[in-house]
Amino acid sequence: MTKDDLKFFKGKSIFITGHTGFKGSWLTRILLYAGANVTGYSLMPEEESLYRFAVEQDESQPSGGGSLRSVIADIRDYDRLLSAMKESQPELVIHMAAQPIVRTSYEQPRYTYETNVMGTVNICEAVRLTPSVRSFLNVTTDKVYKNEERGEAFREDEPLDGYDPYSNSKSCSELVTHSYVNSFLRQLNIPTSTARAGNVIGGGDFARDRIIPDGVRTAIGSGDTHCIAVRNPYSIRPFQHVMEPLFMYLTILKMQYEDPSLAGAYNIGPEDEDCVRTGELITKFCDAWNAVLNPGEPELSWKNVGNEGPHEAAFLKLDCSLARRTFGWKPVWNIDRALKETVAWTKVYVDSSGLGEAEKHDRIKQEMEREIEAFLDGC
């Protein structure tokens, strides 16, 4: 997506679920930069979250010609969701609200299914009953596929059958969406797609049980130990900067709005060389962090703590040729650039920790907009 393509969203009304999460906060920042009118529907953000640092203050003031209205509510609350959708009358809808952590899904399987499956039913129903909607995207995951560890990249036409409660619930979310398309949304001329994105990294992710956030916490933590504990260092994952899938989501929304025949299911992942082992990723992160250390600061390292925890796939890779053929898309930043930008954001966050909330917000917002512009320049 180019800067000219982004102009499509200026003045558009767009409804985002999960806007207070990591990906949702970056997407909201991008859309406000583009001048869109955003209604976000999500749970209350954590105290330490990208949303609070970089987006929350925009609820009370326009940003770049756009606006933000935040609705704090649960995706499982259908009546509240429908009311918010009817009130905002969006043209574009992106569904990202989810319970997104594999290990949490083992601890809270019922909550995971309620959120990820019934949440999808609720948003699909709200879209069905809101005539203003012209384009709808459900964001799922690269983990929706039945993974038999064949060592091959997954294509969109392969069976859906995630192993753990998180992955399986997102497989169900895909099936729910397909049923609504076949039964209702196609007849209502609402082009609908699903997007299956790989693992994302970037500044501002504070989630637990994610490799780069764990690394960041270790890097900026107090004490003498700056050694990251790594599970499954030999697992292969499709790592990419968070803006890679976000701009692809916007591309799908825009293109199917203009040509409904483009609606479908799309994999979104990095180049083959950026599908790396977790140990290689964290080595690269340590190198990127250590390259910008001040004199006397301890270097960052990592250690293998073994497979501590429930089952996770050892090999996961996406075949993204369909998105390439359909949209002329390709990744913009490789894994080294993605990690460099993650470190740059984190440095701004650390350096602004002693500032007032307004100044801290402005500095982090400026850093994000710098990265957005750099990414668009790369396009």
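Residues numbered from 1 in each chain as written. Predicted model: local features only at pLDDT ≥ 70, side-chain atom pairs only at ≥ 80, totals over all residues. Heavy atoms only, no water.

Colleague: Run through the pairing of strand S8 (residues 227-230), naming residues and quoting values.
Modeller: For a regular strand, the rule is simple: side chains alternate between the two faces of the sheet. Along S8, the buried face is formed by Ile228 and Val230; none of Cys227 and Ala229, which line the opposite face, is buried. For S8 and strand S13 (residues 301-304), the ladder comprises four bridges, and the chain directions are parallel. Bridge pairing in S13 places valine 230 opposite asparagine 304. (Buried < 20%, exposed > 50% of the residue type's maximum accessible area, 1.4 Å probe, protein only. Helix = DSSP H or I, 4+ residues; strand = E, 2+ residues; numbered from the N terminus. Pairing = 2+ DSSP bridges.)

Colleague: Describe the state of the cysteines, naming the residues involved and giving the relevant values.
Modeller: Applying the stated criterion across every chain, the model contains zero disulfides. Cysteine 124 forms no disulfide, and the closest cysteine sulfur to it belongs to cysteine 172, at a distance of 13 Å. With a relative accessible area of 0%, cysteine 124 lands in the buried category. Cysteine cysteine 275 is unpaired, with the sulfur of cysteine 320 as its nearest cysteine sulfur at 7.7 Å. (Disulfide = S-S within 2.5 Å.)

Colleague: Lay out the nonpolar core with the relevant residues and their values.
Modeller: One finds Phe9, Trp26, Phe247 and Leu250 to be the most contacted residues of the largest nonpolar core, which totals 60 residues. The element that contributes the greatest number of residues to this core is helix H9 (residues 243-258), accounting for nine residues. Residues within four places of leucine 250 in sequence aside, it is in contact with Met1, Leu6, Phe9, Leu27, Ile30, Leu31 and Ile94. Counting residues in hydrophobic clusters, the runner-up holds 23 residues, among them Leu81, Cys124, Tyr180 and Leu185. (Core = buried A, V, L, I, M, F, W, Y, C linked by side-chain atoms within 4.5 Å. Contact = heavy atoms within 4.5 Å.)

Colleague: How would you summarise the sheet that holds strand S6 (residues 192-197) if you had to cite specific residues and measurements?
Modeller: The strand order across the open sheet formed by seven strands is S3-S2-S1-S4-S5-S6-S11, and the pairing between neighbours is parallel. One side of each edge strand has no neighbouring strand; the edge strands of this open sheet are strand S3 (67-72) and strand S11 (265-268). If you compare each strand with its neighbour and ignore which way they point, the axes differ by 20 degrees on average. Across five bridges, the pairing between strand S1 (residues 13-17) and strand S2 (residues 37-42) is parallel. Among the inter-strand pairings, serine 13 is bridged to a residue of S2, identified as asparagine 37. Packed onto the sheet, helix H6 (residues 109-128) meets S1, strand S4 (92-95) and strand S5 (135-139) and runs at close to 175 degrees relative to S4. Of the strands in this sheet, S5 and S6 are in contact with helix H7 (residues 165-185), which crosses S6 at around 165 degrees. (Axes fitted to C-alpha atoms, helices over the stretch in contact; angles between N-to-C directions.)

Colleague: Go over helix H10 (residues 278-290) with me, naming the residues and quoting the values.
Modeller: Given a rise of 1.5 Å per residue, 13 residues ought to cover 18 Å, and the 18 Å separating the end C-alpha atoms of H10 matches this to within 8%. Of the positions making up H10, those classed as buried are Thr278, Gly279, Leu281, Ile282, Phe285, Cys286, Ala288, Trp289 and Asn290. Contact partners of the buried residues in H10: helix H8 (211-220), S8, strand S12 (275-277), S13 and helix H12 (335-351). (Expected span 1.5 Å × (residues − 1).)

Limitation: the analysis is restricted to geometry and does not speak to function.
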